[in-house]
Amino acid sequence: MARTGGKETGAEERAEIEARFKLLAENVVDYAIFMLDGQGYVASWSAGGERIKGYQPEEIIGRHFSVFYVPEDVQSGKPERELREAAAAGRIEDEGWRVRKDGSRFRAFVVITALRDGSGVLRGFAKVTRDVTELKRAEEELQTEVAERRRVEQELKELNQTLERRVAERTADLQALNEALRAEQAVRERAEAELSSARQRLAGIIESAMDAVITIDERQEVVLFNAAAESLFGCPRAEAIGAPLARFIPGRFQAAHAAHVEQFGRAGVTSRRMGSQRIVMGLRSHGGEFPIEASISQIDQSGKKFYTVILRDVSERVLAERKLRESQEELHQLASSAQTAREQEKGRLARELHDELGQLITSLKIDLSFLKSDSPSPSQRAKIGAMEGLLDAMVAASRRIASDLRPLMLDDLGLVPAAEWLVQNFQQRTGIDCDLTVDPPDLDLHDPHATAIYRILQESLTNVAKHAQATVVKVSVELDNDEIALTIRDNGRGFRLTDPRRPTSFGLVGLRERAYFLGGIVVIESEPGKGTAICARIPAAPSGGPAAR
Ligand SMILES: Nc1ncnc2c1ncn2[C@@H]1O[C@H](COP(=O)(O)OP(=O)(O)OP(=O)(O)O)[C@@H](O)[C@H]1O
Ligand SMILES: [Mg+2]
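Reading guide: rules and limits
Residues numbered from 1 in each chain as written. Chains lettered and ligands numbered in written order. Predicted model: local features only at pLDDT ≥ 70, side-chain atom pairs only at ≥ 80, totals over all residues. Heavy atoms only, no water. Pairing = 2+ DSSP bridges. Helix = DSSP H or I, 4+ residues; strand = E, 2+ residues; numbered from the N terminus. Axes fitted to C-alpha atoms, helices over the stretch in contact; angles between N-to-C directions. Contact = heavy atoms within 4.5 Å. Phe/Tyr/Trp six-rings, centres within 6.5 Å; stacked < 30°, edge-to-face > 60°. Buried < 20%, exposed > 50% of the residue type's maximum accessible area, 1.4 Å probe, protein only. Lys NZ or Arg CZ within 6 Å of the ring centre and 35° of its normal. Donors = N, O, S within 2.8 Å, 3.2 Å for Na, K, Ca; no water. Domains from an automatic or database assignment. Parallel < 35°, antiparallel > 145°, perpendicular 65-115°, else oblique. Left-handed = near helix turned anticlockwise from the far one by under 90°. Nonpolar A, V, L, I, M, F, W, Y, C, P; charged D, E, K, R; others polar. Near = heavy atom within 4 Å. Polar contact = N/O pair within 3.5 Å; in protein donor to acceptor, adjacent residues only side chain to side chain. Areas by Shrake-Rupley, 256 points an atom, 1.4 Å probe, with all protein chains shown as cover.

## Quick look at the sheet that holds strand E11 (residues 433-439)
- Ordered in space as E11-E12-E13-E15-E14, the 5 strands form an open sheet in which the pairing is mixed. Two strands in the sheet have a free side with no partner beyond their single neighbour: E11 and strand E14 (521-526). Taking the axes of each pair of neighbouring strands and ignoring which way they run, one obtains an average angle of 10 degrees across the sheet.
- Bridging between E14 and strand E15 (residues 532-539) involves 6 bridges; their strand directions are antiparallel. Along E15, the bridge assignment pairs Val523 with Cys535.
- Across the sheet, helix H15 (residues 507-517) touches E14 and E15, and the angle it forms with E14 is around 145 degrees.

## With respect to the packing of aromatic side chains
- This structure, assessed with the given rule, holds 11 aromatic pairs.
- Seen in terms of ring centroids, Phe225 and Phe233 are 6.3 Å apart; in terms of plane orientation they differ by 40 degrees. Their pairing is tilted. Each member of the pair Phe225 and Phe233 is classed as buried.
- Taken together, the ring pairs connect Phe34, Trp45, Tyr55 and Phe68 into an aromatic cluster.
- Here the basic side chain of Arg107 rests over the ring of Trp97, its NZ or CZ set 5.0 Å away from the ring centre.
- When the ring centre of Phe506 is taken as origin, the NZ or CZ atom of Arg501, which lies over that ring, is 4.9 Å away.

## Some words on the coordination of the magnesium ion (ligand 2)
- Protein-derived coordination of the magnesium ion (ligand 2) comes from Glu459 (OE) and Asn463 (OD1), at a distance range of 2.1 Å. With a gap of 4 residues between them, Glu459 and Asn463 both fall in helix H14 (residues 449-468), about one helical turn apart.
- Relative accessible area serves as the criterion here: at 22%, Glu459 is assigned to the partly exposed category.
- Overall, Asn463 belongs to the buried group, its relative accessible area being 16%.

## A word on the domain arrangement of the chain
- Domain boundaries in the chain define domain 1 (15-133), domain 2 (209-313), domain 3 (316-406) and domain 4 (414-549).
- Averaged C-alpha coordinates put domain 1 and domain 3 at centres separated by 175 Å.

## Description of the sheet that holds strand E1 (residues 31-37)
- Strand order in the open sheet made by the 4 strands is E1-E4-E3-E2, with antiparallel pairing throughout. In this open sheet, the two strands that pair with only one neighbour each are E1 and strand E2 (91-99). Sheet twist, expressed as the average angle between the axes of neighbouring strands with direction ignored, equals 25 degrees.
- As paired elements, E1 and strand E4 (residues 122-131) share 7 bridges and run antiparallel to each other. Within E4, the residue paired with Leu36 across the bridge is Phe125.
- Lying over the sheet, helix H5 (residues 78-89) contacts E1, E2, strand E3 (105-116) and E4, oriented at roughly 165 degrees with respect to E2.

## Brief notes about the packing of helix H10 (residues 315-373) against helix H11 (residues 378-405)
- Viewed as axis vectors pointing N to C, H10 and H11 meet at an angle of 165 degrees, and their least axial separation amounts to 9 Å. Taken as axis vectors, H10 and H11 run roughly antiparallel relative to one another. In this structure, the crossing between H10 and H11 has a hand that is left-handed. Where H10 abuts H11, its residues Lys346, Leu349, Ala350, Leu353, Leu357, Ile361, Leu364, Lys365, Leu368, Leu371 and Lys372 lie against Arg381, Ile384, Met387, Glu388, Leu391, Asp392, Met394, Val395, Ser398, Ile401, Ala402 and Leu405.
- When its residues are assigned to classes, the contact of H10 with H11 shows 16 nonpolar, 1 polar and 6 charged.

## Quick notes on the site of ligand 1
- In the vicinity of ligand 1 lie 15 residues, with Asn463, Lys466, His467, Phe506 and Leu508 positioned nearest.
- Contact distances for ligand 1 include 2.9 Å between an oxygen atom and a side-chain N or O atom of Lys466.
- Starting from 590 Å² of accessible surface for ligand 1 in isolation, the protein chains cover 81%.
- Where the shell around ligand 1 is concerned, the elements lending two or more residues are H14 and H15.
- In terms of residues, the shell around ligand 1 owes the most to one element, H14, which gives 6 residues.

## Topic: the environment of Val423
- Secondary-structure assignment places Val423 in helix H13 (residues 415-430).
- Placed 191 residues apart in sequence, Val423 and Leu232 show a C-alpha to C-alpha distance of 63 Å.

## With respect to the pairing of strand E13 (residues 483-490)
- Among the 8 residues in E13, 6 count as buried, and that is most of the element.
- Pairing between strand E12 (residues 472-480) and E13: 8 bridges, direction antiparallel. Considered in E13, the bridge of Val475 is made with Ile488.
- The hairpin formed by E12 and E13 contains 2 residues between the paired strands, and Asn481 there has a positive phi angle of roughly 50 degrees.
- Two strands pair when backbone bridges link them, and E13 and E15 are joined in this way by 8 bridges, in the antiparallel orientation. Bridging across to E15, Arg489 finds its partner in Ala533.

## Some details on unusual backbone geometry
- Pro440 follows Asp439 through a cis peptide bond whose omega is -5 degrees.
- Here Pro440 shows up in the loop between E11 and H14.
- In this structure, Asn481 is a non-glycine residue whose phi angle is positive, near 50 degrees.
- You can see Asn481 is positioned in the loop between E12 and E13.
- Since its relative accessible area comes to 72%, Asn481 is described here as exposed.
- A positive phi is found at Asp482, a non-glycine position, where the angle reads about 60 degrees.
- Looking at where Asp482 falls in the secondary structure, it is placed in the loop between E12 and E13.

Structure, rendered in structure tokens:
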């Protein structure tokens, strides 16, 4: 377009632009669009301005635009600054608080554009203000919403992570549990395998055991019967299993045996030897009876009781024991009769020494006194005197020998004087203080008791003299409750009872034998350094008992 009549055309154009601007400003109600002059005074007003800021055109046109600003901004010179910046840059944008006519504040988005004419002279400013309070709130809401969503998302994420961690943990737990279970299973399998091999071993041991092994249940019926049991009872296993145990016990013992097993079951002890008090008998299939030695044990298996009896045929042992007992008895008898024979022999010798030799010596002494009265020569007289001396010594010797063999006093005066003599004699010979008490004092014992007591005392005193190195010996003979008790107690060196007997020592054995013949016993108490006590206890025979030995 050609520019003709420059000025008019410019004025027309501006008027047109102003008209359009006005139109635009009038019709746009969401924005306050208005003009400021070069100093910032409101030059035009619009419907949007009225709506947003509350001013009528006549109220605001001509007033400085700083009334739209909050006091703090006014004070800091913000309105002038913005105009300066807009003039410099052509346009500025700002978002901030503004004030309505009624003083209320709103959030505004502001664009200020510098208006210049064709020659570049500043003619004023166009200002567009938009109330963005709602927008801002919406934005803030959106932001809070977004923040909330982020938070929720974060929470969800954390929750998710926790969940995942829990799942992982739980999975690990489950895996560990699984492994533990697997390990346990392996252990159990191994234990079962071991158990089964142990069972097999046990079965093998039971089967090959030399002793018969029988297991019975609560009803006393056989549930296990090993090979040794088969051959012992002469009964095949197939027949024995399920049979009552009574089948293997002689009839007269059955009831007692069943009661014994039941009582054992109630007693609750796990094992016990059977027949320690009495002989237990077994019964073979073909009827023979035999003595057995048995031990019984019990176990509780799932509430059921099982008894296992291990037994052995002891016929041979019982037989051997009986034979041993018999032979011991025979030996005792033999020793006893040898003792008696010796005692009789000694008595006879003593008596012969006393009577025969005594008679002869007495006759010799009478003959010598005849010779003496027959006026012998001095040398003959001396010879006769010497011979008399020898004869006296002979008398003394024969008396001593006789009484060593057997004190005639024992037969003639009884035990108490003989014992007194023995004790006195011992004291004289050894110098050891020896004291005898007899209770009751008038105790009168007959043979064989008197001889036995006398000989036990004699041997004990000999031992004291030989071994004890004692200074005091106390002897007592007492009759108490139809039992004779002889005690010889010394304060000597004593000895160890457990020491083995010397093969040549028969003194103490002899004591025991003598007591044993008469149904008595000898108890020896001794300890090195603590003296020795020999105590013989023999049942007293009724007065006028067995004949003298
Ligand atoms: N009163 C005692 N004090 C110390 N030791 C004693 C006493 N009596 C016996 N003994 C010990 O006991 C042992 C066995 O005594 P025992 O009378 O059986 O045999 P012995 O006296 O040695 O021989 P024997 O009596 O056969 O001649 C003695 O050797 C001695 O060691
Ligand atoms: Mg002796």
